[in-house]
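Coordinate analysis (summary)
Residues per chain, in single letters:
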Amino acid sequence: MRLTRYVLPLLKETPAEAQIVSHRLMLRAGMIRQSSAGIYSWLPFGYRALQKVERIVHEEQQRAGAIPLLMPTIQPAEIWRESGRYDAYGPEMLRIKDRHEREMLYGPTNEEMITLLVRDAVKSWRDLPRNLYHIQWKFRDETRPRFGVMRGREFLMKDAYSFDLTAEGARLSYQKMFVSYLKTFARLGLTAVPMKADTGPIGGDLSHEFLILAETGESQVFVDSQLLAKDWSSVEVDYEDPASVEAIFESFTSAYARTDETHDPAIWAETPAGRQVSARGVEVGHIFYFGTKYSEPLKATAIGPDGQPVTLEMGSYGVGVSRLLGAIIEASHDENGIIWPEAAAPFHVALVNLKQGDAAVDAAAGKLYAELTAAGVEVLYDDRDERAGGKFAAMDLIGLPWRLTVGPRGLASGQVELRRRKDGATEELTPEAAVAKLVAATRGL
RNA sequence: CGGAGUAUAGCUCAGCCUGGUAGAGCGCUACUUUCGGGAAGUAGAGGCCGCGUGUUCGAAUCACGCUACUCCGACCA
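Cut-offs used in this document
Residues numbered from 1 in each chain as written. Chains lettered and ligands numbered in written order. Predicted model: local features only at pLDDT ≥ 70, side-chain atom pairs only at ≥ 80, totals over all residues. Heavy atoms only, no water. Helix = DSSP H or I, 4+ residues; strand = E, 2+ residues; numbered from the N terminus. Near = heavy atom within 4 Å. Polar contact = N/O pair within 3.5 Å; in protein donor to acceptor, adjacent residues only side chain to side chain. Contact = heavy atoms within 4.5 Å. Pairing = 2+ DSSP bridges. Axes fitted to C-alpha atoms, helices over the stretch in contact; angles between N-to-C directions. Parallel < 35°, antiparallel > 145°, perpendicular 65-115°, else oblique. Left-handed = near helix turned anticlockwise from the far one by under 90°. Nonpolar A, V, L, I, M, F, W, Y, C, P; charged D, E, K, R; others polar. Expected span 1.5 Å × (residues − 1). Core = buried A, V, L, I, M, F, W, Y, C linked by side-chain atoms within 4.5 Å. Buried < 20%, exposed > 50% of the residue type's maximum accessible area, 1.4 Å probe, protein only. Phe/Tyr/Trp six-rings, centres within 6.5 Å; stacked < 30°, edge-to-face > 60°. Lys NZ or Arg CZ within 6 Å of the ring centre and 35° of its normal.

Describing unusual backbone geometry
Cis peptide bonds are those with omega within 30 degrees of zero, and the linkage from Leu-128 to Pro-129 qualifies with 0°. Assignment of secondary structure puts Pro-129 in the loop between helix 4 (111-121) and strand 7 (130-139). Residues other than glycine seldom take positive phi values, yet Phe-147 does so here, at roughly 60°. Along the chain, the position of Phe-147 falls in the loop between strand 7 and strand 8 (154-164).

This is the structure in structure tokens:
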């Protein structure tokens, strides 16, 4: 993409409303603009990042056996009456009426809707287990939205729902999603620590929140450093093998990791003092096993092998996709701007033409742009007629993983400059070598 | 939902106390010089001063009402 043909409204100064760094940087980098409290437009650059994250979530869900579908944002009130949640949900639910005075709502979550779909579509134990998910906008009318997309009212969420014949089966479904979350967050360059969460009336140990450690996190967390020291980036699993899934689940849940909600000082004390890490965290995922809480009132059953109907065992699994964008930036930035993890970066490379209008530089940069693009590398080509300092500052702000600089000085000796955003590592190399290196570095993203 | 604030140019803000027809910096447009880490000059464009009512000869400024937004707290992917 040529910057002169793009829409990337960068802000030099920090907008007054932004309190935390990710919100400031998302506004300054031209990713989002607020529409009303807790509701945002995603500008082209932010939308690309959102799509990158979405794609990774899709891939890891499907790898774990979940099946994508798409349910509506607007739901009829009656299905919530059927589950008994319509009155219980409270003012967080945005309730609306259509022209026929029918009561509708903007979905804050989809348990009812998916349960009804599955009730009609799944009749036999042979059709189980199943896990269905979608990535869809949700609305929760929070009393106090804040922190940009970290706590919006409208937000993009991945929600998966598992259906099993038995509680043991549901446990495996739960563990598969658990592992899938580990892999999803790892691909995004994040360490999202699974923490024991409240299970409500169901009880048991099958609810976890995944939190990214960040100073601006909303929750206080307590974690055994041994858990943080694990290798998060190369979790290998065979989803077809329950023992493999279980082993990973066990290895990531054995050490102490809790938020202030479930924190128990007595148990915490059993963790050696030298390993006790207390920090702040941002919740980016939450998974539950809740048994027949919805299948019971909504009468979702399947005929078992013995010919008798069985009420389905359910779990639900959420990832705050739009929130993840904020969380990634909270976890990865410096004083100059965003530092995108490679997998989430809106573009792979910022190609900087230092002397727009100079025939030799234009030609060299244009050739690099064409070759990289043809090779599948996503390039944002800064072909604006700006001074070097302004371009560098802008590119630092938007934080693409690589910056390839072409200028008359280097070109005189046949060199271009390749700089890595995350550590500033810089090298001079030929344009051909730069293309080769970038193609190799971005392969498989 | 309790408490506290804010609303003036695209952004950051001044002006309001003490009423007299709208300001700065950045950004934007044109030109000149400059040009490898946010350059300088000159000339421009850009405002129902959140909305309404009232007071007044006259309201960005005073009074009342409303709306939106932000912050602190209680709650949430």
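That covers the picture; the talk isn't over yet.
Comments concerning the protein's contact with RNA strand B
Near RNA strand B lie 43 residues; those nearest to it are Arg-144, Arg-151, Glu-283, Arg-387 and Asp-396. Take the atoms of RNA strand B that sit within 4 Å of the protein: sugar and phosphate atoms are 45% of them. Separating a phosphate oxygen of RNA strand B from a backbone N or O atom of Ala-37 is a distance of 2.8 Å. For RNA strand B, a sugar or linking oxygen lies 3.3 Å from a polar atom in the side chain of Glu-142. Elements represented by at least two residues in the surface near RNA strand B include exactly strand 1 (32-36), strand 8, strand 13 (276-291), helix 11 (388-398), strand 21 (402-406), helix 12 (408-411) and strand 22 (416-420).

Quick notes on the side chain of His-286
As for its placement among the helices and strands, His-286 is situated in strand 13. Among the polar contacts listed, one links the side chain of His-286 to the side chain of Ser-207, at a separation of 3.3 Å. Here the side chain of His-286 touches Glu-283 through a polar contact of 3.1 Å, side chain to side chain. The contacts of His-286, once residues within four sequence positions are left out, are Tyr-181, Ala-197, Ser-207, His-208, Glu-209, Ser-316, Tyr-317 and Gly-318.

Comments concerning the sheet that holds strand 23 (residues 426-429)
Ordered by their spatial adjacency, five strands build an open sheet running 20-19-21-22-23, and the pairing between neighbours is mixed. Taken across any chain shown, the strands that pair with only one partner, and hence form the sheet edges, are strand 20 (379-382) and strand 23. Each adjacent strand pair in this sheet contributes to an overall mean axis angle of 20°, direction not counted. Lying over the sheet, helix 10 (residues 359-374) contacts strand 19 (349-353), strand 20, strand 21 and strand 22, oriented at roughly 165° with respect to strand 20.

Some words on the sheet that holds strand 6 (residues 103-106)
In space, the three strands of this open sheet follow the order 4-6-5, with antiparallel pairing throughout. Each end of this open sheet is capped by a strand with a single partner; those strands are strand 4 (74-76) and strand 5 (94-97). On average, each strand axis in the sheet is inclined to that of its neighbour by 35°, with strand direction left out of account. In the sheet, strand 5 pairs with strand 6 via four bridges, with the strands oriented antiparallel. Across the sheet, the residue bridging to Leu-94 is Tyr-106, located in strand 6.

Let's talk about the packing of helix 2 (residues 44-63) against helix 5 (residues 167-187)
The packing of two helices is summarised by the inter-axis angle and the distance between the axes. Here helix 2 crosses helix 5 at 150°, and the two axes come no closer than 9 Å. Relative to helix 5, helix 2 is oriented roughly antiparallel. In this structure, helix 2 crosses over helix 5, and the sense of that crossing is right-handed. Residues Arg-55, Ile-56, Val-57, Glu-59, Glu-60, Gln-61 and Arg-63 of helix 2 form the contact with helix 5, whose participating residues are Met-177, Ser-180, Tyr-181, Lys-183, Thr-184 and Arg-187. Each residue belonging to the contact of helix 2 with helix 5 can be placed in one class, and the counts come to four nonpolar, three polar and six charged.

Remarks on helix 5
Between its terminal C-alpha atoms helix 5 stretches 30 Å, which fits the 30 Å expected from 21 residues at 1.5 Å a residue. Directly after helix 5, the chain includes Gly-189, whose backbone phi takes a positive value near 80°.

Observations concerning the nonpolar core
Counting 86 residues, the largest nonpolar core has Met-31 and Trp-340 as the members making the most contacts within it. When residues of this core are assigned to their parent elements, the largest contribution, eight residues, is made by helix 5. With near-sequence residues (within four places) excluded, Trp-340 lies in contact with Met-31, Phe-45, Ala-49, Leu-325, Ile-328, Ile-329, Ala-345, Pro-346, Ile-398, Gly-399, Leu-400 and Pro-401. Formed by 24 residues, the second largest nonpolar core is a distinct cluster that contains Leu-105, Leu-116, Tyr-294 and Ala-302.

Notes on the packing of aromatic side chains
For the coordinates displayed, the defined rule picks out 16 aromatic pairs. Relative to Phe-347, the ring of Phe-45 lies with its centre 6.3 Å away and its plane at 20°, an arrangement referred to as stacked. Placement of Phe-45 in helix 2 and of Phe-347 in the loop between strand 18 (337-338) and strand 19 is noted, with a sequence separation of 302 residues between them. With relative accessibility at 2%, the residue Phe-347 sits in the buried group. Look at Phe-178 and Phe-249: their rings are 4.8 Å apart centre to centre, the planes differ by 75°, and that puts the pair in the edge-to-face class. Taken together, the residues Phe-178 in helix 5 and Phe-249 in helix 7 (residues 242-251) connect sequence positions 71 residues apart. Judged by its relative accessible area of 2%, Phe-249 falls in the buried class. Stacked on the ring of Phe-347, the Lys or Arg Arg-48 has its end atom at 3.8 Å from the ring centre. The ring of Phe-252 carries Lys-230 above its face, with NZ or CZ at 4.9 Å from the centroid.

Section: the environment of Val-319
Within the secondary structure layout, Val-319 lies in strand 16 (residues 313-320). Owing to a relative accessible area of 2%, Val-319 belongs among the buried residues under this scheme. In the structure, Val-319 is positioned 61 residues away from Arg-258 in sequence and 18 Å away in space, judged by C-alpha atoms.

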